[in-house]
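Each chain is listed here by its residues.
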Amino acid sequence: MFTKLLPALALLTLALASPPTSNDGTFKTPSASTRVRFRYWLPDASVDPQVVASDIQAAGSLGAGGVEFLPFYNYGGEQGPMPEGADWARYGFGTPAYKEIFKRALRAHAESGLVMDFTLGPNQGQGVPAEWDDQGLQWDLVPFTSAVGANGLFDGVIPRWGTGELVSLTSALVLSEEKRQKTIRRNLLPVNVTWTEYVLSHDSLTDQTSKVSRSGRVRLVLPTKEASAGAVGYRLFAFYQKLSGNKSLHFHTDQSKTIFDNGSYVVDHHSARGAETIAALLRQVGDSAWEDSVELISNITWTPSLPKRFAQKHGYSMKPLLPLLAFSQTTFFTQSSTVGPFHCLLDSPARGTAYFNDYHSVLEDGYNDFIITVRNWLHKRLGVTYSNQPAYGFPQDMTAAITHVDVPEYESWAYGDAIDAYRQFIGMAHLAGKKIISNELGAQIFKAYSMPIRQLLGIVHRAIIGGTNQVILHGQPYSGDWYGTTWPGYTPFMYMYSDMYSPKQPAWENGYEEVMHYISRLQFVQRQGVPRTDVALYNSVSVTNMSFPRIYQGTNLEEDGWSYSVRNGVLAAEGPAFKALIIENTQNLTCEVIAKVHRYAKQGLPIILVGGAPRQWQSHNSCSDREYQRSLSQLTRHKNVHTVSSGQAAAKLARLGLRPRVKVEAPGIVHSTWREDRKSNAAYSFLLNSYNESVTGSAVFQHVGVPYTLDPWTGEKSLVLYYTSDARTTRIPINLQPGQTILVAFERKPDRNSDLSSCHVTSLSSEVFDVTRAGRSSLLLSVPGTTSSQITGTLSNGKRFKLHKGCPMSNPMPPIKLSNWTLTAEHWERPANMYNAPTIAQKRNTTHTLPTPTSWLNISGLENASGVGYHSTTFSWTPSPKTGLYIHLSQIIHTLRFYINGQQLEPLDHQNPVRDISPYLREGDNEVRAVVPTMMWNYLLSIKDEIRASGVIFPPLDEGLVGDVMLVPFERVVVRC
Ligand SMILES: *[C@@H]1O[C@H](CO)[C@@H](O)[C@H](O)[C@H]1NC(C)=O
Ligand SMILES: *[C@@H]1O[C@H](CO)[C@@H](O)[C@H](O)[C@H]1NC(C)=O
Ligand SMILES: *[C@@H]1O[C@H](CO)[C@@H](O)[C@H](O)[C@H]1NC(C)=O
């Protein structure tokens, strides 16, 4: 299986030279390669290339940097056969038709100055068109067992002879036998799986392979007197290797001639003809060749070279112990309910563990070879980088492969959108110096056409804390016609997974653009300099548990502000620059690892052993128990090694005098990142309030410089003028709503001459909204209009100030609630002919008057509607140089654009929708207009019977402008330095 992709590479001899030399652009305008990309779903190569090109162009004009081009084929046929009319032999991956589309997609990227990632095969990139017997395809190891009679005699053909090439025949004494059952959830439904469990006498395991004749016969006389009393008797275990014949693209081969029938070489010759054109295009816009999560199936994860590699690495034969591998040594991801026909345990369990560990480590080596081979080939032959979701679900430690991939990718879906889970991935990626960490982001079950942008942003924020700096949005569907598909068009995953970013979404031209820029700017900052993480958690597993249980027990690391990542490897001095290494007692270490940890301790790195001493990693080649205990006790005696009880690491770090790089002094959990750019002498921190309440306190940075806040919604950078600092730390007051983020930058010197300020505020009454610069030697405070008490503060030059109502502050100005709204609802509806899938929508208007903005679900006639709401109202105002207004929304569900007197406001932060609107105000009546698109779900639900292939089961959603819109007056007060 580890060489499965190689034939595909020949196919891609479309050839290019070097990846586009990328430049990040600027914070305000990140370059194409630094922007968000869409995963783009191509139904198959029969579609209109012009529509593909216009989809890509539309993505670019929305602010995407390009697409990850994915020939989807109903998820490789997993989601049903090809629809009537389709011909996947003619329009499969690698066919001339496919290459035309591929070329057009590349050209569309070039025309719009975008970059493109592409798969190495159809669907998720695992399969390739090839001859069925190509030795480079996936292999399987198929297990069988049968009982030997009570007399210990077997004379005949071994079980299932002919299944494939015999790898081994093992005889073993079964000490006990039991039927087992468990209930597993598959596609949300419970499934009972059953198997037989055998406990084998370890000493009885005997490799009998050499005794098997060419016709599969064997005569064995097994020593029955050795069979202990109460034993069940002998069994034979036979293992055959064969090509699995699995395809990542299923279709009926009886239709015309297929690529499998033709073999890939025919296709390869075709591609050579197009090479000249495509080479130039790929050089220009090809970014990463990419492979998705490996979702394979087999009986036992296998490749024919395993036995040899195993013997070379571990010094013993794996064959007699093969019965142990018949259970659960498959791709858990796709095979949770195929555990295996039988499960063998040994009467000496520890030795079984060693065998599994040894097997998994050889799988890891084989997988790494595969990755390295593909990567080198891509570098040399195509000049592109290799991106991949490594080793997902394989029975091995998936983090071991991260080092070898150019652009490692994970996904918000499999990682449950959990920061701790992400950290189990990025630790390795950061240590290996990976610059770009990609995230297939936003697939949520039952959220197609119904994922609000507010939810998407929550996923983005957690991903960024978890190391992401390339968001691949899941996803953009082909927008044209396709077989048997009604409006709203091609919808991969049968309406199950979010979301379908396409022009049919009312938000496409009404707010997605701001969101794309926002995410791109966030990831721009996450590419500057190198990431620094406070502490490393040691984690070494035999097999990655894809539910990513927490490694550190307790949440006090996060509560105390410690950023951490999880690693298994060598600590890099460059890169994350950890301040301490934490090892939980659930970890298993080898003598070599203890020696390494000991060296770190000697070099001064604090090592914290949590909950007691870790146990020994089991392997055939492990050091002796005595040796392990001796090196462990030497380690624990070192002065830099500290043993604490479970959950006490944060307290210990504090007692050691260590400080997190960013700590928020307030109750709750505020996650943060820290990056340092030596070249520009700048540092960046992104803070996320992960708490379900607002957090008011100070962010304390172990860093000094000129602090700025960066606004990813506008691309603007503003001086922070309210903070304190000493020789080592900077303390910035913060007030973050749940889910709210801030982005802080520190520069050595002011960015511009106009940023020079001779003073800043160091203490201030809490009501003040904002402090800005009025000139080089004065500051402007924005004081709420309702303030009646006095405002006090201190300046960095030591000067104190006190402002009283009327001196210079004027009379209180209460907030104004906007009311009497007129809502023109533009209904976006199905075309008369449902099979006219490319139609954006049939539109019609209705008008409504609302005292207060409310959900479309509460407005008569809009309960089942989707579309765009145009809300308007007026208020009267008398501007003066000393006063201003903030607009303050209750919430933003999806997207929203605000206009005051016809001028568009800068985008509002979804977690804190407040902006100063003073520059747009005029004397007398002022007009407010809000353009608020909905998601499509409520309307789709109402016509679900007319949509083909929908699996709609979930309820309608709140939509539109919801909640009070307040105007909060403030007064500007000048304070001189
Ligand atoms: C699974 O087995 C249990 C009893 O062991 C039974 O009650 C249940 O109905 C079974 N479920 C399915 C889905 O077959
Ligand atoms: C196991 O091997 C058998 C025989 O080749 C095959 O029919 C079956 O599909 C395989 N099972 C899995 C889960 O791949
Ligand atoms: C350590 O080894 C034991 C068995 O020897 C195993 O149960 C446990 O999961 C291992 N710990 C880790 C973190 O893999």
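Attention here is on the structure that accompanies the text. (Residues numbered from 1 in each chain as written. Chains lettered and ligands numbered in written order. Predicted model: local features only at pLDDT ≥ 70, side-chain atom pairs only at ≥ 80, totals over all residues. Heavy atoms only, no water.)

**Focus: the sheet that holds strand β49 (residues 924-933)**
- One open sheet accounts for 6 strands, arranged β43-β42-β44-β49-β46-β47; its pairing is antiparallel. In this open sheet, the two edge strands, each paired with only one partner strand, are β43 (842-850) and β47 (903-904).
- Relative to β47, strand β46 (residues 897-900) runs antiparallel, the two sharing 2 bridges. Paired with I900 across the two strands is Q903, which belongs to β47. (Pairing = 2+ DSSP bridges. Helix = DSSP H or I, 4+ residues; strand = E, 2+ residues; numbered from the N terminus.)

**Quick notes on the site of ligand 1**
- Ligand 1 sits among Q181, P190 and N192.
- Take Q181: an N or O atom from its side chain is 3.0 Å from an oxygen atom of ligand 1.
- Take N192: an N or O atom from its side chain is 2.4 Å from an oxygen atom of ligand 1.
- Taking 360 Å² as the accessible area of ligand 1 by itself, protein coverage stands at 29%. (Near = heavy atom within 4 Å. Polar contact = N/O pair within 3.5 Å; in protein donor to acceptor, adjacent residues only side chain to side chain. Areas by Shrake-Rupley, 256 points an atom, 1.4 Å probe, with all protein chains shown as cover.)

**Points about unusual backbone geometry**
- Of note, the bond from H474 into G475 is cis; its omega dihedral lies within 30 degrees of zero at -10 degrees.
- By the element assignment, G475 lies in strand β17 (residues 470-477).
- In this chain, W487 is followed by P488 through a cis amide linkage whose omega measures 5 degrees.
- Among the structural elements, P488 can be located in the loop between β17 and α12 (512-525).
- Residue Y73 is not a glycine yet carries a positive backbone phi of 50 degrees.
- Structurally, Y73 can be placed in helix α3 (residues 73-76).
- What makes Y73 buried here is its relative accessible area of 0%.
- The phi dihedral of Y495 falls on the positive side, at around 65 degrees, and the residue is not glycine.
- Judged by relative accessible area, which is 3%, Y495 ranks as buried. (Buried < 20%, exposed > 50% of the residue type's maximum accessible area, 1.4 Å probe, protein only.)

**Here we look at the packing of aromatic side chains**
- Applying the stated criterion across every chain, the model contains 42 aromatic pairs.
- The interplanar angle of 65 degrees and the centroid separation of 6.3 Å between the aromatic rings of W41 and F72 together place this pair among those described as edge-to-face. Of this pair, W41 sits in strand β1 (residues 37-42) while F72 sits in the loop between β2 (66-71) and α3; the two residues are 31 residues apart in sequence, bridging distant segments of the chain. We note that W41, like F72, is buried.
- With 4.9 Å between their ring centres and 50 degrees between their planes, W195 and F327 make a pair best called tilted. Separated by 132 residues along the polypeptide, W195 in strand β7 (residues 189-200) and F327 in the loop between α8 (306-314) and β13 (342-346) bring together distant segments of the chain.
- For W195, a relative accessible area of 9% translates into the label buried. (Phe/Tyr/Trp six-rings, centres within 6.5 Å; stacked < 30°, edge-to-face > 60°.)

**Notes on the packing of helix α10 (residues 419-431) against helix α11 (residues 453-465)**
- Contact geometry of α10 with α11 gives a least axis separation of 8 Å together with a crossing angle of 40 degrees. As summarised for this structure, α10 and α11 are arranged oblique, according to the angle between their axes. Note that α10 runs across α11; the crossing there is right-handed. Contacts between α10 and α11 involve I419, Y422 and R423 from the former and R462, A463 and I465 from the latter. (Axes fitted to C-alpha atoms, helices over the stretch in contact; angles between N-to-C directions. Parallel < 35°, antiparallel > 145°, perpendicular 65-115°, else oblique. Left-handed = near helix turned anticlockwise from the far one by under 90°. Contact = heavy atoms within 4.5 Å.)

**Re the site of ligand 3**
- In the vicinity of ligand 3, the residues found are T353, S540, V541, T586, Q587 and N588.
- The separation between a nitrogen atom of ligand 3 and a polar main-chain atom of T586 is 3.1 Å.
- Within the contact set of ligand 3, an oxygen atom lies 2.4 Å away from a side-chain nitrogen or oxygen of N588.
- Broken down by class, the residue content of the shell around ligand 3 amounts to 1 nonpolar, 5 polar and no charged. (Nonpolar A, V, L, I, M, F, W, Y, C, P; charged D, E, K, R; others polar.)

**Some thoughts on a nonpolar patch on the surface**
- A cluster of nonpolar residues, L188, W413 and I445, forms a patch on the protein surface that exposes about 270 Å² of accessible area.
- Along the polypeptide, W413 turns up in the loop between β15 (407-411) and α10. (Patch = residues over 30% accessible without salt bridge, like charges linked within 9 Å, V, L, I, M, F, W, Y side chains within 5 Å. Salt bridge = Lys/Arg side-chain N within 4 Å of Asp/Glu carboxyl O.)

**Here we look at the environment of G785**
- Mapping G785 onto the fold places it in the loop between β37 (778-784) and β38 (791-795).
- For G785, a relative accessible area of 5% translates into the label buried.
- The spacing of G785 and F970 is 185 residues in sequence and 4.4 Å in space, taken between C-alpha atoms.
- Those residues in contact with G785 that sit more than four places away from it in its chain are N811, P812, M813, P969 and F970.

**Topic: empty space enclosed by the protein**
- Taken as a whole, this structure holds 11 cavities of 30 Å³ or more when the rule is applied.
- Estimates place the volume of the largest cavity at around 160 Å³.
- Around the largest cavity, the lining is made up of 16 residues, and of these I426, H430, I465, T533 and T673 lie nearest the centre.
- Every element with two or more residues in the lining of the largest cavity is listed here: α10, α11 and β27 (670-677).
- Residues that form the lining of the largest cavity fall into these classes: 6 nonpolar, 7 polar and 3 charged. (1 Å grid on protein atoms, 1.4 Å probe; cavity = no way out; pocket = protein on both sides within 12 Å on 5 of 7 lines; lining within 4 Å. Points joined across faces, edges and corners; volume = space filled by probe spheres on them.)

**Things to note about the pairing of strand β36 (residues 770-775)**
- In terms of strand pairing, β36 meets β37 through 5 bridges, oriented antiparallel. Residue pairing across strands places V771 opposite L781, the latter belonging to β37.
- The hairpin formed by β36 and β37 contains 2 residues between the paired strands.

**Considerations on the state of the cysteines**
- Counted according to the given criterion, the structure contains 2 disulfides.
- With its sulfur 1.9 Å from that of its partner, C591 forms a disulfide with C623. The disulfide joining C591 to C623 has a torsion of about 70 degrees about its S-S bond and is therefore right-handed. On the criterion of sequence distance, the pair formed by C591 in helix α14 (residues 591-602) and C623 in the loop between β24 (615-616) and α15 (625-637) is long-range, its members being 32 residues apart. Just as C591 is buried, C623 falls in that class too.
- A sulfur-sulfur separation of 2.0 Å characterises the disulfide bridge that pairs C759 with C977. (Disulfide = S-S within 2.5 Å.)

**Details of the pattern of salt bridges**
- Taken as a whole and judged by the stated rule, the model has 27 salt bridges.
- Salt-bridge contacts for E829 lead to R844; the nearest nitrogen and oxygen are separated by 3.1 Å. Separated by 15 residues along the polypeptide, E829 in strand β42 (residues 821-829) and R844 in strand β43 bring together distant segments of the chain.
- When its relative accessible area of 19% is taken as the criterion, E829 is described as buried.
- With relative accessibility at 41%, the residue R844 sits in the partly exposed group.
- Three or more residues are tied together by salt bridges with common partners; here these are R39, E68, E409 and E440.

**What about the packing of α14 against α15?**
- At their nearest, the axes of α14 and α15 sit 10 Å apart, and the two run at 15 degrees to each other. Overall, the two elements α14 and α15 adopt an arrangement that is roughly parallel. By crossing handedness, the relation of α14 to α15 is classed as left-handed. Residue-level inspection shows C591, I594, V597 and H598 of α14 in contact with α15, the latter providing E627, Y628, S631, L632, Q634 and L635.
- In terms of residue class, the contact of α14 with α15 is built from 6 nonpolar, 3 polar and 1 charged.

**What to know about the nonpolar core**
- Among the nonpolar cores identified, the biggest contains 143 residues, and F38, V52, F69, Y415, L456 and L781 are the most heavily contacted of them.
- Apart from residues no more than four positions distant in its own chain, L456 is found in contact with L441, G442, M451, L473, Y501, V515 and I519. (Core = buried A, V, L, I, M, F, W, Y, C linked by side-chain atoms within 4.5 Å.)

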